[in-house]
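Each chain, letter by letter, is given below.
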There are 2 protein chains.
Amino acid sequence: MLPRVSLNLSDERFSIVYRLTGNADDAYAQARDICLEQTVEFPDELVPDGDIRDHIVGQIESLQPVDGTHFEAVVSYFVETSGFELTQLINVIFGNISIKPGIRVERLQLPASLLQAFKGPRFGREGVRALLEVPQRSLLCTALKPMGLPAKDLADLAYAFALGGIDIIKDDHGLADQSFAPYNERVQRCVDAVDRANRKTGRRCIYMPNVTAPANKVMERAHFAKASGAGGLLIAPGLTGLDTMRRLADDNAIALPILNHPAFQGSFVTNPANGISHYALFGQIARLAGADASIFPNYGGRFSFSREECRSIAEGAGVAMAHLKPIFPAPGGGMSLTHVPEMRQIYGRDAIFLIGGGLHKHGPDLVENCRYFLQLVEHL
Amino acid sequence: MLPRVSLNLSDERFSIVYRLTGNADDAYAQARDICLEQTVEFPDELVPDGDIRDHIVGQIESLQPVDGTHFEAVVSYFVETSGFELTQLINVIFGNISIKPGIRVERLQLPASLLQAFKGPRFGREGVRALLEVPQRSLLCTALKPMGLPAKDLADLAYAFALGGIDIIKDDHGLADQSFAPYNERVQRCVDAVDRANRKTGRRCIYMPNVTAPANKVMERAHFAKASGAGGLLIAPGLTGLDTMRRLADDNAIALPILNHPAFQGSFVTNPANGISHYALFGQIARLAGADASIFPNYGGRFSFSREECRSIAEGAGVAMAHLKPIFPAPGGGMSLTHVPEMRQIYGRDAIFLIGGGLHKHGPDLVENCRYFLQLVEHL
């Protein structure tokens, strides 16, 4: 028999909106199960009375039908269950139930009493615009690729991109520390190339190297990037853990804008009956974890997100979340220059348009292709 | 026009077996797409001739029908694309294509030339058995819960479990550093409780605290656990990133066995047409990332894995992978004592049987319940 516990803590709660697949009875049983599974992980009849039952166990705040086989449940949790740490907060939101079919996280509703534990994006939209000195228009981004090019050739590409008017040049997320373009050499060469171009153009183009790396090397690479003069960092939190991005964002000695790459996170969004919504994962959670911009594959490219899913990411990137700054949606993934007008129409000015391989396709001169990209964006 | 590159590197390759959903034409197109997407991420017609096209781009080694709508493709990659780092290796295996429906990782086929970069499990089955002085029988594991109990009460539970003959007492994975049972206090109290019980029983029961924590606190908590005398560590790599577990396993100053918890990894396995097989994720990849045992929800409990999926995890935990030690499958998730005989039959002796809440249910005396669990296992 377990002891009755009094916690003497206020009952501030946060809520998660889950989409449940099944009939009304299934949905109620699932919602009830979520309340236990995500907190006490204990058989209901054995949960001790008192504060554990009354506060620690999740509570169903509402359960509404969406259609005949889908329900929306709002489940609230005591903020203290998160320990005010991102790893455990994500665990409460979707740790064990990620293993259960029929449950999808739709939206996070986090009160200021919880959000105060998280700094969120250091720059956000305004901070990135200030850094680039681009107050109004959409931002232009491209990637250094293909993997296999030596650092010197990648730097030549970076020079051409910066000369042509690209705002953000990122490493392709598959550039790590391979022998054909070692991280330190690549970063130094690309920073130098972009600096040279900036001196010619008078622009403030920035290079963002990829710091997706082993756990004991992420900070080292980020510090190297900072010391070398890189203007930002790219990271894929699906590979490093979300909190590694949060750590980067919070580090005052680094203080660089961060681009969130979705690699290895796709399985959360490819199954409509399990996972996390595009809105929550690439919008709200990327932001909570400190990203200043969130890359995702735009509809109509190499991937299969729908227009509505993409639009919802932009919404999650900007929705009110206490003091957390709004961030840029960064649609990419098989985009070409012909997609720019529609991207502008869908996302408005507050977006980063990422065109990678497509930028090599428009014409034989890369610099000219970039100039055309910039003109397109400036005249929309 | 991109330069032709000569890499002057040997062409050692590793292979991944993917299960593709679609017809024969779809499958070929998907396999071809994987080769590009996971490496150069570049339009085929723009990939420079020479070593980038011939070595860096993935290669279809075979493509076989499984049934009318499923195919198995073996795609090989140049080992150097991984940079010999776990984050980038996982990225090559399933980074961007995690976002594409219809692709599932079935098996990893990694040559010694790649595996040499990874130490794998420090203890493995034999090492854990030696530590516990249990050479033959299946191992008994339980969890400290429910969340909300103060550290003192959790330590009382730990004492009872250790007295009753449990081999491994782990934190519930939702115990982080919450104010109701702060990490340091909990670890010290539970270590002490288990030590007291061990002095009574003469056994070598170990306590494994949960070090799933913010990126800048994992190592600190692990070092605290080691210094306090904890016998192992629990971590959920879905929450921390897989490489954080690898880092823990590789740290010679810590040198403790590691239990892999599947929280937040479920979405990789709940969709048969996208993700990673149970065999690869909870077997091969957990092992590659240094786990000594892999917890997963057994069939017939609170979760929905099938018997075959569970059996495949045990297979992945033991299959030959160069020098990587075989590890224990640790089925749990809603198991009770009545499940033990069947678990023994399915997994054999080389398994850890995890019974959490169910251990409180058998009778009113926890110590007696544990003794019964031990008897059950000893007489099978």
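Structure report, in brief. Keep in mind that what you see is a predicted model, and the values were worked out from it rather than measured.

## Considering the overall build of chain A
Thinking step 1. Within chain A one finds 14 helices and 13 strands.
Thinking step 2. At 22 Å, chain A has a C-alpha radius of gyration in line with the 21 Å of a compact globule built from 380 residues.
Thinking step 3. Judged by the C-alpha coordinates and their principal axes, chain A covers about 75 × 45 × 35 Å.
Thinking step 4. With 380 residues in all, chain A has 67% of them scored as buried.
Thinking step 5. In chain A, once contacts between residues fewer than 6 apart in sequence are set aside, the share between residues at least 24 apart is 75%.

## Concerning the packing of aromatic side chains
Residues and elements named next belong to chain B.
Thinking step 1. Taken as a whole and assessed by the stated rule, the structure comprises 13 aromatic pairs over all chains.
Thinking step 2. Judged by centre distance (5.4 Å) and plane angle (40°), the ring pair of Phe-14 and Tyr-77 falls under tilted. Here Phe-14, found in strand β1 (residues 13-21), pairs with Tyr-77, found in strand β3 (residues 70-78); they are 63 residues apart in sequence, far enough to count as distant. Note on accessibility: Phe-14 and Tyr-77 belong to one class, buried.
Thinking step 3. Taking the centre distance of 5.9 Å and the plane angle of 65° together, the rings of Phe-296 and Tyr-347 count as edge-to-face. Here the residue Phe-296 occupies a position in strand β11 (residues 293-297), and Tyr-347 occupies one in helix α13 (residues 340-347), the gap between them amounting to 51 residues.

## Section: the interface of chain B and chain A
Buried accessible area, meaning the area lost when the parts come together, often serves as the stated size of an interface.
Thinking step 1. Each side of the interface is counted separately: chain B has 84 residues, and chain A has 83 residues.
Thinking step 2. Where chain B abuts chain A, roughly 7200 Å² becomes buried across the two surfaces, and 62% of that area is made up of carbon and sulfur atoms.
Thinking step 3. If you sort the residues of chain B by the area they bury against chain A, Ile-99, Met-147 and Phe-264 of chain B come out on top, with a joint share of 11%.
Thinking step 4. Counting across the interface, chain B meets chain A through ten salt bridges.
Thinking step 5. In this structure, the salt-bridge partner of Arg-302 of chain B is Glu-37 of chain A, at a minimum N-O distance of 2.7 Å.
Thinking step 6. Counting across the interface, chain B meets chain A through 38 residue pairs in polar contact (both at pLDDT 80 or more).
Thinking step 7. Counting only elements with at least two residues in the side of chain B that touches chain A, the list comes to α2 (51-56), α3 (86-94), α6 (151-164), α9 (237-240), α10 (242-250) and β10 (275-276) of chain B.
Thinking step 8. Class assignment for the residues of the side of chain B that touches chain A results in 36 nonpolar, 31 polar and 17 charged.

## Description of the packing of α6 of chain B against helix α14 (residues 366-378) of chain B
Residue and element names in this part refer to chain B.
Thinking step 1. It is the contact of α6 with α14, at a shortest axis distance of 7 Å, that shows an interaxial angle of 35°. For the element pair α6 and α14, the recorded crossing hand is right-handed. Of the residues in α14, those in contact with Leu-157, Ala-160, Phe-161, Leu-163 and Gly-164 of α6 are Leu-366, Val-367, Cys-370, Arg-371 and Leu-374.
Thinking step 2. Residue classes in the contact of α6 with α14 are distributed as eight nonpolar, one polar and one charged.

## A few points about the relation of the copies chain B and chain A
Thinking step 1. For the pair chain B and chain A, the best superposition has an RMSD of 0.0 Å and corresponds to a rotation of 180° with a translation of 0.0 Å parallel to the axis. Read as a symmetry element, the transformation amounts to a two-fold axis. Identified as the residue of chain B closest to the rotation axis by C-alpha distance is Gly-241 of chain B, at 2.0 Å.
Thinking step 2. Comparing interface residues between copies, 99% of those in chain B also sit at the interface in chain A, which points to an isologous, same-surface contact.

## Overview of the environment of Gln-265 of chain A
Thinking step 1. Among the structural elements, Gln-265 of chain A can be located in the loop between β9 (258-260) and β10 (275-276).
Thinking step 2. Counting along the chain gives 91 residues from Gln-265 of chain A to Gly-356 of chain A, while the straight-line C-alpha distance between them is 20 Å.
Thinking step 3. When residues no more than four places from it in sequence are discounted, the contact partners of Gln-265 of chain A are Pro-237, Gly-238, Leu-242, Asn-260, Leu-281 and Phe-282 of chain A together with Ser-98 of chain B.

## Here we look at the sheet that holds β10 of chain A
Residues and elements named next belong to chain A.
Thinking step 1. Spatial ordering of the open sheet is given by β2-β3-β1-β4-β10, a layout of five strands whose pairing is mixed. Strands with a single pairing partner mark the edges of an open sheet, and in this sheet they are β2 (59-67) and β10.
Thinking step 2. Relative to strand β3 (residues 70-78), β2 is paired through seven bridges, and the arrangement is antiparallel. Bridge pairing links Leu-63 to Ala-73 in β3.
Thinking step 3. Along the sheet face, helix α3 (residues 86-94) touches β1 (13-21), β3, β4 (103-109) and β10 and points at about 40° away from the line of β1.
Thinking step 4. The strands that helix α11 (residues 278-288) touches are β4 and β10; relative to β4, the one it contacts most, it runs at about 45°.

## Let's talk about the sheet that holds strand β8 (residues 233-235) of chain A
Strands in a sheet are paired, the pairing made by backbone hydrogen bonds, and the direction either parallel or antiparallel.
Residue and element names in this part refer to chain A.
Thinking step 1. The strand order β8-β9-β11-β12 describes an open sheet built from four strands, whose pairing is parallel. Looking at which strands have only one partner, the edges of the open sheet turn out to be β8 and β12 (328-332). In this sheet, adjacent strand axes meet at a mean angle of 25° when their direction is disregarded.
Thinking step 2. Sheet topology note: the β9/strand β11 (residues 293-297) ladder contains two bridges and is parallel.

## Concerning α11 of chain A
Thinking step 1. Within α11 of chain A, eleven of the eleven residues are buried, which leaves it mostly tucked inside the rest of the structure.
Thinking step 2. Just downstream of α11 of chain A lies Gly-290 of chain A, where phi reads positive at about 95°.

## Structural notes on the pairing of β3 of chain A
All names here are of chain A.
Thinking step 1. The element β3 is largely enclosed, with a buried count of eight among its nine residues.
Thinking step 2. Across nine bridges, the pairing between β1 and β3 is antiparallel. Bridge pairing links Val-17 to Val-74 in β3.
Thinking step 3. Counting the residues that bridge the hairpin from β2 to β3 gives two residues.

## Some words on the packing of α3 of chain A against helix α10 (residues 242-250) of chain A
Residues and elements named next belong to chain A.
Thinking step 1. Contact geometry for α3 and α10: axes closest at 9 Å, N-to-C directions at 145°. Seen along the crossing, α3 lies across α10 with a hand that is right-handed. Residues Leu-86, Thr-87 and Ile-90 of α3 touch α10, and the partners they reach there are Leu-242, Asp-243 and Arg-246.
Thinking step 2. Of the residues that constitute the contact of α3 with α10, the class distribution is three nonpolar, one polar and two charged.

## Concerning the side chain of Asp-172 of chain B
Thinking step 1. Secondary-structure assignment places Asp-172 of chain B in the loop between β6 (168-171) and α7 (183-201).
Thinking step 2. With residues up to four places along the chain from it excluded, the contact list for Asp-172 of chain B reads Val-40 and Glu-41 of chain A together with Ala-143, Leu-144, Lys-145, Asn-210 and Leu-234 of chain B.

## Notes on unusual backbone geometry
Residues and elements named next belong to chain A.
Thinking step 1. The step from Lys-145 to Pro-146 runs through a cis peptide bond, and the omega angle for that step is 0°.
Thinking step 2. Notably, Phe-84 is not glycine yet its phi reads approximately 60°, a positive angle.
Thinking step 3. Position of Phe-84 relative to the elements: it lies in the loop between β3 and α3.

## Let's talk about the pattern of salt bridges
Thinking step 1. In total, this model carries 53 salt bridges over all chains according to the counting rule given.
Thinking step 2. One connected set of salt bridges, linked through shared partners, spans Lys-145, Lys-170, Asp-172 and Arg-302 of chain A together with Asp-33, Glu-37, Glu-41 and Lys-100 of chain B.

## Let's talk about empty space enclosed by the protein
Thinking step 1. Overall, the coordinates contain six cavities of 30 Å³ or more when judged by the stated rule.
Thinking step 2. Every residue lining the largest cavity is counted, 26 residues in all, and those nearest its centre are Pro-237 and Gly-238 of chain A together with Pro-237, Gly-238 and Gly-241 of chain B.
Thinking step 3. Elements with a minimum of two residues in the lining of the largest cavity: α3, α9 (237-240) and α10 of chain A together with α3, α9 and α10 of chain B.
Thinking step 4. If you add up the space inside the second largest cavity, you get close to 130 Å³.
Thinking step 5. For the second largest cavity, the lining is made up of 17 residues, of which Ala-215 and Thr-244 of chain A together with Ala-215, Thr-244 and Arg-247 of chain B are closest to its centre.
Thinking step 6. Secondary-structure elements contributing two or more residues to the lining of the second largest cavity are α8 (218-228), α9 and α10 of chain A together with α8 (218-228) and α10 of chain B.
Thinking step 7. The dominant element in the lining of the second largest cavity, judged by the number of residues it contributes, is α10 of chain B, at three residues.

## Topic: the environment of Met-343 of chain A
Residue and element names in this part refer to chain A.
Thinking step 1. By secondary structure assignment, the location of Met-343 is in helix α13 (residues 340-347).
Thinking step 2. Residue classification places Met-343 among the buried positions, given a relative accessible area of 1%.
Thinking step 3. Through-space distance from the C-alpha of Met-343 to that of Phe-353 is 7.5 Å; in sequence the pair is ten residues apart.
Thinking step 4. Those residues in contact with Met-343 that sit more than four places away from it in its chain are Asn-298, Pro-331, Met-335, Gly-348, Phe-353 and Leu-354.

Scoring rules and cut-offs
- Within any chain, residue numbers begin from 1 and follow the written order of that chain's sequence.
- Here the convention is simple: chains get letters from A, ligands get numbers from 1, in the order in which they are written.
- Two thresholds apply to this predicted model, a pLDDT of at least 70 for residue-level local features and 80 or more for giving and counting side-chain atom pairs, whereas whole-chain, interface and lining totals are computed over all residues.
- Side-chain figures throughout are based on the complete set of non-hydrogen atoms in the structure, without hydrogens or water.
- For helices the rule is a DSSP run of H or I covering at least 4 residues; for strands it is a run of E covering at least 2, with both sets numbered from the N terminus onward.
- Only C-alpha atoms enter the radius of gyration; for comparison, a globular chain is expected to reach 2.2 Å times N to the power 0.38, where N is the number of residues.
- Classification of residues uses two cut-offs on accessible area relative to the type maximum, computed with a 1.4 Å probe and protein chains only: under 20% is buried, over 50% is exposed, and between them is partly exposed.
- Residue contacts are defined here by distance: any two heavy atoms, one from each residue, within 4.5 Å place the two residues in contact.
- When two rings of Phe, Tyr or Trp (its six-membered ring) have centres within 6.5 Å they constitute a pair, described as stacked for plane angles under 30 degrees, edge-to-face for angles over 60, and tilted for the intermediate range.
- By convention, the term buried area covers the 1.4 Å-probe accessible surface removed from two parts as they join, with the contributions of both added.
- Counted as salt bridges are all cases of a side-chain nitrogen of Lys or Arg within 4 Å of a carboxyl oxygen of Asp or Glu.
- As used in this structure description, the phrase polar contact means that two N or O atoms lie within 3.5 Å; if the pair is within protein, one of them must be able to donate a hydrogen and the other to accept it, and residues adjacent in sequence are counted only when both atoms belong to side chains.
- Classes in brief: Ala, Val, Leu, Ile, Met, Phe, Trp, Tyr, Cys and Pro nonpolar; Asp, Glu, Lys and Arg charged; the others, Gly included, polar.
- Note on method: axes are straight lines fitted to C-alpha atoms, helices fitted across the in-contact stretch only, with angles between N-to-C directions ranging 0 to 180 degrees.
- Here is the rule for handedness: rotate from the far helix to the near one, and if that takes an anticlockwise turn smaller than a right angle the crossing is left-handed, while a clockwise turn gives right-handed.
- The least-squares superposition of copies is restricted to C-alpha atoms, and to residues with a pLDDT of at least 70 in both copies.
- Paired strands, in this sense, are two strands between which DSSP finds at least two bridges.
- Definitions used for this entry: grid spacing 1 Å over protein atoms alone; cavity, a set of points where a 1.4 Å probe fits but cannot get out; pocket, an open set with protein on both sides within 12 Å along at least 5 of 7 lines; lining residue, one with an atom within 4 Å of a point.
- Grid points are joined across faces, edges and corners, and a volume is the space filled by probe spheres set on the points.

By themselves, these are just geometric observations and shouldn't be taken as functional.
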